[in-house]
Amino acid sequence: MIPPDHFKKVCHYAQRRGVLFTPAEFEIIKSFTSHKLLPPHTVIMEQGKVVRTLYFLNSGIARLYRLHNGVDYTLGIVSVNDFLSTPLYLLNGELSSCALESLTDIDVLVWDRPGVEAMKQRIPRMYDMELAIMDRLLNWIQDSQIDAVCMTAEERYQKIMAEQPEVIQQVPLKYIASLLGIHQDSLSRIRKTLGQK
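This write-up is about the structure you can find in this document. Predicted model only: the values in this text are computed from it and were never measured.

Details of the layout of surface pockets
Inference 1: The computed volume of the largest pocket comes to approximately 1200 Å³.
Inference 2: For the largest pocket, the lining is made up of 40 residues, of which Leu75, Gly76, Ile77, Trp140 and Ser144 are closest to its centre.
Inference 3: Put simply, the parts of the chain that give the lining of the largest pocket at least two residues each are β4 (62-68), β5 (71-78), α3 (87-92), α5 (126-150), α6 (153-163) and α8 (173-180).
Inference 4: Broken down by element, the residue count for the lining of the largest pocket peaks at 10 residues, all from α5.
Inference 5: Its residues placed into classes, the lining of the largest pocket shows 22 nonpolar, 10 polar and 8 charged.
Inference 6: Of the pockets and cavities examined, the second largest pocket occupies roughly 320 Å³.

Digging into the nonpolar core
Inference 1: Counting residues in each nonpolar core, the largest one holds 38 residues, and the members touching the most others are Phe83, Leu84, Val108 and Trp111.
Inference 2: Of the residues forming this core, the biggest block, 5 residues, is contributed by strand β7 (residues 106-112).
Inference 3: Residues contacting Leu84, with those up to four places away along its chain left out, are Ile44, Tyr55, Leu57, Ala62, Val78, Leu100 and Val108.

Observations regarding the pairing of β5
Two faces, one strand: in a regular strand the side chains alternate between the faces of the sheet.
Inference 1: Sheet topology note: the β4/β5 ladder contains 7 bridges and is antiparallel. Along β5, the bridge assignment pairs Arg63 with Ile77.
Inference 2: Two successive antiparallel strands, β4 and β5, enclose a turn made up of 2 residues, where Asn69 displays a positive phi of approximately 50°.

Describing the packing of aromatic side chains
Inference 1: Under the criterion given, the structure shown has 5 aromatic pairs.
Inference 2: Judged by centre distance (5.7 Å) and plane angle (80°), the rings of Tyr13 and Phe56 are edge-to-face. Remark: Phe56 occurs in strand β3 (residues 53-59) and Tyr13 occurs in helix α1 (residues 8-16); sequence separation between them is 43 residues. As far as burial versus exposure is concerned, Tyr13 and Phe56 are alike and both buried.
Inference 3: Ring centres of Tyr13 and Phe83 lie 5.2 Å apart, and the angle between their planes is 75°; on these two criteria the pair is classed as edge-to-face. Here Tyr13 is found in helix α1, whereas its partner Phe83 is found in the loop between β5 and α3, with 70 residues between them in sequence. When sorted by exposure, Tyr13 lands in the same class as Phe83, which is buried.
Inference 4: Through a chain of ring-to-ring contacts, three or more aromatic side chains come together here, namely Tyr13, Phe56, Phe83 and Trp111.
Inference 5: Here Arg17 stacks its cationic end above the ring of Tyr13, 3.7 Å away from the centre of that ring.

Cut-offs applied
- By convention here, each chain's residues receive numbers from 1 onward along its written sequence.
- Local features in this predicted model are restricted to residues whose pLDDT is 70 or higher, and side-chain atom pairs enter the listing and the counts only when it is 80 or higher, whereas totals over whole chains, interfaces and linings include all residues.
- Remark: hydrogens and water are excluded; side-chain values derive from all non-hydrogen atoms of the structure.
- With a 1 Å grid laid over protein atoms only, a set of points is called a cavity when a 1.4 Å probe fits there but cannot get out and a pocket when it is open yet has protein on both sides within 12 Å along at least five of seven lines; lining residues have an atom within 4 Å of a point.
- Grid points are joined across faces, edges and corners, and a volume is the space filled by probe spheres set on the points.
- Helical segments are the DSSP runs of H or I of at least four residues, strand segments are the runs of E of at least two, and each set is numbered from the N terminus.
- Gly is put with the polar residues, along with every residue not named as nonpolar or charged; the nonpolar set is Ala, Val, Leu, Ile, Met, Phe, Trp, Tyr, Cys and Pro, and the charged set is Asp, Glu, Lys and Arg.
- Here, the term nonpolar core denotes a set of buried Ala, Val, Leu, Ile, Met, Phe, Trp, Tyr and Cys residues that are joined through side-chain atoms within 4.5 Å.
- Throughout this description, buried means an accessible area under 20% of the type-specific maximum (1.4 Å probe, protein chains only), exposed means over 50%, and partly exposed covers the range between.
- By definition in these notes, contact holds between two residues if any of their heavy atoms fall within 4.5 Å.
- Pairing between strands is defined by DSSP: at least two bridges between the two strands are required.
- Side-chain rings of Phe, Tyr and Trp, where Trp is taken by its six-membered ring, are said to pair if the distance between their centres is within 6.5 Å; with planes under 30 degrees apart they count as stacked, over 60 as edge-to-face, and otherwise as tilted.
- By definition here, charges over rings are those cases where NZ of Lys or CZ of Arg is within 6 Å of the ring centre and within 35 degrees of the ring normal.

Right, dumping it as structure tokens:
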């Protein structure tokens, strides 16, 4: 059985979104949950393949990326407590349009598709949780699109500095430059302007 401490962050995530589970429901959730510690550069979701697992990031940094015409594009870098994969891909059986990999050691909670379906059958409130995850994903997509259109690369870099300083400290610059949609040399110039090496 997984120690209760491993669930604190996902419980906080649910509570912030108004989803409160009873102790009995929480025990059911625990019974379908596994816990993993994964090393850097572990691919946990593959592009072009069926998604079989839902992950929640307890700690560490992961990136969402897509390979297109031989180029690796970073779509997002996750360093906060959040779901890395989504119920949408897990439950609809469609092939994933992108991939996920750990950039540092990551601590994750894990659910497989049969487990997610079983929890939804036994705990009606799981539908609220699913909607909360999807709402978070849609907000993230919208925010990313707005930032890409309305902010300069330097402004987006400064936003990462303010909201995810651990990304600036721990993630290779090539991934940050890709996320910003600029060449690594341009990122170096931005960093120099801001007094970074």
